Each structure stands twice: as structure tokens, then as C-alpha cells.
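If you want the building blocks of each chain, they are given just below.
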Amino acid sequence: MDFQQFVLANEPAIRLGFFLGTFAAIALWEVLAPRRALLVSKAYRWASNIGLVVLNTVIIRLLFPLAAVGLAAFCAENGWGLLNHFQAPFWIAAPLAVIAMDFVIWLQHVMVHAVPALWRLHRVHHADLDYDVTTGARFHPIEIILSMLIKFATIVVLGPPVVAVVIFEVLLNATSMFNHGNIRLPAALDRVLRWIVVTPDMHRVHHSIEDDEANSNFGFNLSWWDRLFGTYRDQPRGGHAGMTIGIRDFTDPREVDRLDGMLWLPFRGEIKDYAINRRNYSGEQPK
Ligand SMILES: [Zn+2]
Ligand SMILES: [Zn+2]
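Residues numbered from 1 in each chain as written. Chains lettered and ligands numbered in written order. Predicted model: local features only at pLDDT ≥ 70, side-chain atom pairs only at ≥ 80, totals over all residues. Heavy atoms only, no water.

## Quick look at the overall build of the chain
Along the chain, the regular secondary structure elements total 16 helices and 0 strands. By its C-alpha atoms, the chain is 55 × 55 × 40 Å across when sized along the principal axes. Within the chain, the proportion of its 287 residues that are buried is 48%. Partitioning the intrachain contacts of the chain with sequence separation of at least 6 by distance along the chain shows that 77% fall at a separation of at least 24. On the chain, roughly 14,100 Å² of surface is accessible, and the fraction owed to carbon and sulfur atoms is 68%. Taken as two groups, the 25 positive and 26 negative side-chain charges of the chain have centres that lie 3 Å from each other. (Helix = DSSP H or I, 4+ residues; strand = E, 2+ residues; numbered from the N terminus. Buried < 20%, exposed > 50% of the residue type's maximum accessible area, 1.4 Å probe, protein only. Contact = heavy atoms within 4.5 Å. Areas by Shrake-Rupley, 256 points an atom, 1.4 Å probe, with all protein chains shown as cover. Lys, Arg positive; Asp, Glu negative; His and termini not counted. Charge placed at Lys NZ, Arg CZ, Asp CG, Glu CD.)

## So, the coordination of the zinc ion (ligand 2)
Those donors, H125 (NE2), H180 (NE2), H203 (NE2) and H207 (NE2), are the protein atoms that reach the zinc ion (ligand 2), and they lie 2.1 Å from it. Taken together, the 4 donor atoms coordinating the zinc ion (ligand 2) and their angles of 90 to 160° define a geometry best described as irregular. Each donor residue of the zinc ion (ligand 2) belongs to the same chain, and together they define the spacing H-x54-H-x22-H-x3-H. In this structure, the zinc ion (ligand 2) is positioned 5.5 Å from the zinc ion (ligand 1). (Donors = N, O, S within 2.8 Å, 3.2 Å for Na, K, Ca; no water. Tetrahedral: all angles 85-135°; square planar, octahedral: opposite > 155°, others 65-115°.)

## Quick look at the packing of aromatic side chains
One pass over the structure, following the stated rule, counts 13 aromatic pairs. The interplanar angle of 15° and the centroid separation of 5.7 Å between the aromatic rings of F103 and F229 together place this pair among those described as stacked. Here F103 is found in helix α6 (residues 90-114), whereas its partner F229 is found in the loop between α13 (224-228) and α14 (239-242), with 126 residues between them in sequence. Owing to a relative accessible area of 24%, F103 belongs among the partly exposed residues under this scheme. Taking the relative accessible area as the measure of exposure, F229 reaches 43% and is therefore partly exposed. The interplanar angle of 70° and the centroid separation of 6.3 Å between the aromatic rings of W224 and W225 together place this pair among those described as edge-to-face. Taken together, the ring pairs connect F103, W106, F218, W224, W225 and F229 into an aromatic cluster. Directly above the aromatic system of W195 lies the positively charged group of R227, at a separation of 4.2 Å from the ring centroid. (Phe/Tyr/Trp six-rings, centres within 6.5 Å; stacked < 30°, edge-to-face > 60°. Lys NZ or Arg CZ within 6 Å of the ring centre and 35° of its normal.)

Spelled out as C-alpha cells, the structure:
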């Protein structure tokens, strides 16, 4: 059995192992060196957020038994996708594929903020009143299905190596838990890490209740895209301890931090000024 076959055969176990390991490490870090005091009881939020993760996992397994790695293997066998078509060597194809898939995730994240109907779904991620390791996995099932379809389309067009897809999924999962961590990092380390990856302090800005702060730092993994496209914001105005996490109009824990409330959230209320395309007109004319 070669390496690729081994990875394909054991993909669920590999992902679960990395998920549990990273989760335990960040959860412990949150106890030892927390960044902010939590507002809502941890047991209450964790039961809901982890409940949503379990629900999403079951839905995805039922709807997409093939999984992303299975599709990547199918594309490789049939020569589908750019990297397969040009028979790019593994050492070029793998890093290129991981970087390209991360860019697609960034674009998708901007899109779910820009399109009001999609922002309704993505609000579930932002409505969390606290910010910790479980926030990183809290997404509405319909957004998870949409992400999966976009990932499938990306794989068909790109033709990434199977191993690169596993590396990407494990990496995204781990960095998402890391950068949603309610953890304290030495400022100098944060600054250095930020040149490559999204740190907890960088992504926390994106969870601010303030529109301009929420519409920045869309990256989940590499920090380059926000710097390149001008959506990078260094720190929240109110500071990390003082800033308010969440979305306006939904601040009742029974509405936003309970599983039924989260599932129902996209279908409630109006989308007012939160979408990225609703800016106040200043009234100034170009001179
Ligand atoms: Zn977002
Ligand atoms: Zn987030």
C-alpha cells in the first residue's frame, strides 16, 4: 500500500485524530491563559456548538459519502483538473493546491458577508456571544453544504493531489480552532505569526459587533489574502478585552447560543446594514 492509498483508506481516522488533538490542546490553553472573560456559561455554549458540529458531520456524511478526498482521487484517475491535466510534479502541485484552496475559502468567506441571503446563514457563526475554540466549528448546516459544493467544484477545476486535500482539510480544521481560541499569545509572537497565518487576535477583530471591523480579516488560514486585498485590520478599536463580540439585534443567549435558535437564526429578522454592500452615503460629490 503506498502513501496515497494509506491516506485515502484512513482519511476519517486521520482527520478525527488531528481534530481531537488540536481541540484538546486549545481547550487546555484557554483554561491556562484565557484572553477574555466569557459572558455565557461554557457548558451551555459548548453543548450547543458541539451539538451543531455533530449534526453537520452526520449530514455531510449522509449527503456526500464520496468526500473531498474521494473526488480528488477520482479526478486524478481521470485526468480532470488543471494540475492533473498538466501532470504537475507533486512538490509543485501540493503546495500550489493548498494555497489555491485557501484562497477559494477566503473568497467564499467574503461572499457570505457580501450576499444578504448568505449572510443570513453565516450570521450563525458570528452570533456566538463569546469567542472560543468551539466557535471555530459553529456553522449552519446549509452553509456547510454550500462550502462542500464549492470545495467539490474547486477540486474538479484544480485537480489537487489527494494528499494535498487531506493536508488542507486537516490544516484548515486545526488553524480554525487555533484562531478562534480564547488564548493569550505573546505580542511579539503574534506579530511574527501574522505574516503567514491568521492568529486569534487577528480573527477576533472579524467577530466584532462593529460593521467595519467585522468586514475585515476574512482569512482562516493564511493571512496574505487580507493584506493583498486591503481588508486587513490590525486591532479592534475597543481592544481585545473591551470589544463586543457578536451581531447587532441578536444578543439573547437563549436565541443565539441554543441549538434550535442557531438552526432557526437564518430565517429570522431583516438584513439591514450588516451586509458588506450597505454603506452609508456620505453625500459628498467628487471634485
Ligand atoms: Zn465571517
Ligand atoms: Zn470566525
